[in-house]
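# A look at the structure
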Amino acid sequence: MKITDVEAIWLQLPTVDERADGTQDTLVVKVHTDEGIVGIGEVDSSPMAAKAIIEAPMSHRIARGLRMCVIGENPLDIMRLWESMYQGSIFFGRGGAAQQAISGIDIALWDIAGKAMGQPVYRLLGGGFRDRLRAYASILFQETPEETYNLACHLVEQGFTAVKFGWGPLGTSEAMDLAQVQMARQGLGAGVDLMIDAGICYDTVTALKRAHQFAEYDPFWLEEPLHPDNIEGYARLAAASPIRIAAGEQETTLAGFQALLDAGLAVIQPDVARVGGLSQAIQIGRMAVQRHRLCVNHSYKTGISIAASLHLLAALPNATLLEYCVEQSPLRQTLTRETFPVVDGYVAVPQEPGLGVTLDEEVIARYRVA
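What you are looking at is a predicted structure, and each value in this text was computed from that prediction instead of being measured.

## Topic: the side chain of Gln 213
Considering the arrangement of structural elements, one finds Gln 213 in helix α8 (residues 204–214). Only 2.6 Å separates the side chain of Gln 213 from the side chain of Glu 174, close enough to count as a polar contact. With residues up to four places along the chain from it excluded, the contact list for Gln 213 reads Glu 174 and Leu 178.

Quick look at the structure:
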């Protein structure tokens, strides 16, 4: 079997605003083969930038588009092709958008492998430790604490046993921060886990203060309170915080996650559509296993990323929680025909060959930019 083409499909809603909502656009990747098997992947990046990285012509041996690195190759040689893409983009890559772009092709290669072998991807990653994951609803803080309270009540009514609120107005003032978290907790009640995503809005001193203030509301973790380059700050915060500290969605390299683990974080959050795909995400998860830390996916895109995340988490012994984006964007809700329903607070791991997702081509046609 040989790879015959790589499609990078940029999708975008008619209106995109500054909200930290990754479901407003995406880059879908299709890897075609001469045996008719098509793999599906997704990139969480600037879609235009990632598309250019995939489609770029060769400048020289270590500066060429990712498509050139894999055309004509056997798609089952996944790790060899990952290294080919990494080395082929090393002049302008070694992380960032280049690594994110690798993710889309890598996920598609795993999808091809599963389809070719008649197995769900998690089995190819080493086998499943579970067949369902507890889903936590992931959504932004609303503009007012009262709106956050109402949304929290609604999500509990939908059956979620854990909810994360993030970004939005958090960080605008101490009073707003405390009111938002207080009303989130009141809306959820005492029996539902609350996660707080600060959205890199604090310095180290403020983050430590907020960790102590938020502790009153019994959050499961405080996520990404610091700038991702502030590793020293994360070490200070993790050592002194009364609640778990989580981070990792901005990282794309093994070295970056190693630094976060060395800093003492309790929870690391690789995104399969950012870190170089499933090939690298599984390595990051196993690093967390060795440190006895929690590994929880970051995912705020479409059903493609949800499916890939389910396969990743199923193959890790230290992963029980699934970030489950509840944005109502049509890309999030309708791009894949599979909807991954939450049943009794859990989402089932796909059992079909490959990722177990099919694309709605009408949705692609409706929102396709290029």
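## Describing the state of the cysteines
Taken as a whole and judged by the stated rule, the model has zero disulfides. Considering cysteine sulfurs only, Cys 295 is the nearest to Cys 325, which forms no disulfide, with 19 Å between them. Residue classification places Cys 325 among the buried residues on the basis of a relative accessible area of 1%.

## A short note on the environment of Met 1
Of note, Met 1 is situated in the segment before β1 (3–12). As a C-alpha pair, Met 1 and Met 287 span 286 residues in sequence and 33 Å in three-dimensional space. Look past the residues within four positions of Met 1 in its chain and what remains in contact with it is Thr 33, Asp 34, Glu 35, Ile 37, Glu 73, Asn 74, Pro 75, Leu 76, Ile 112 and Ala 116.

## Some details on unusual backbone geometry
The backbone of Ile 200 shows a phi angle near 50°, a positive value even though the residue is not glycine. One can find Ile 200 in the loop between β6 (193–197) and α8. Not every positive phi belongs to a glycine, and Asp 218 is a case in point at roughly 55°. Among the structural elements, Asp 218 can be located in the loop between α8 and β7 (221–223).

## Details of the environment of Ala 97
Relative to the elements of secondary structure, Ala 97 occurs in helix α4 (residues 96–117). Ignoring anything within four residues of it in the chain, the contact list for Ala 97 reads Ser 45 and Ile 53.

## Topic: the layout of surface pockets
In this approach a probe as big as a water molecule rolls over the atoms, and the regions it shows empty are the leftover space. Considered as a void within the structure, the largest pocket measures approximately 440 Å³ in volume. Surrounding the largest pocket, 25 residues form its lining, Ala 20, Gly 22, Glu 249, Arg 274 and His 298 being those nearest its centre. Within the residue set of the lining of the largest pocket, elements represented by two or more residues are β4 (132–140) and β5 (162–166). With three residues, the top contributor of residues to the lining of the largest pocket is β4. Along the lines of polarity and charge, the residues of the lining of the largest pocket split into seven nonpolar, nine polar and nine charged.

So, how was this worked out
Residues numbered from 1 in each chain as written. Predicted model: local features only at pLDDT ≥ 70, side-chain atom pairs only at ≥ 80, totals over all residues. Heavy atoms only, no water. Helix = DSSP H or I, 4+ residues; strand = E, 2+ residues; numbered from the N terminus. Polar contact = N/O pair within 3.5 Å; in protein donor to acceptor, adjacent residues only side chain to side chain. Contact = heavy atoms within 4.5 Å. Disulfide = S-S within 2.5 Å. Buried < 20%, exposed > 50% of the residue type's maximum accessible area, 1.4 Å probe, protein only. 1 Å grid on protein atoms, 1.4 Å probe; cavity = no way out; pocket = protein on both sides within 12 Å on 5 of 7 lines; lining within 4 Å. Points joined across faces, edges and corners; volume = space filled by probe spheres on them. Nonpolar A, V, L, I, M, F, W, Y, C, P; charged D, E, K, R; others polar.

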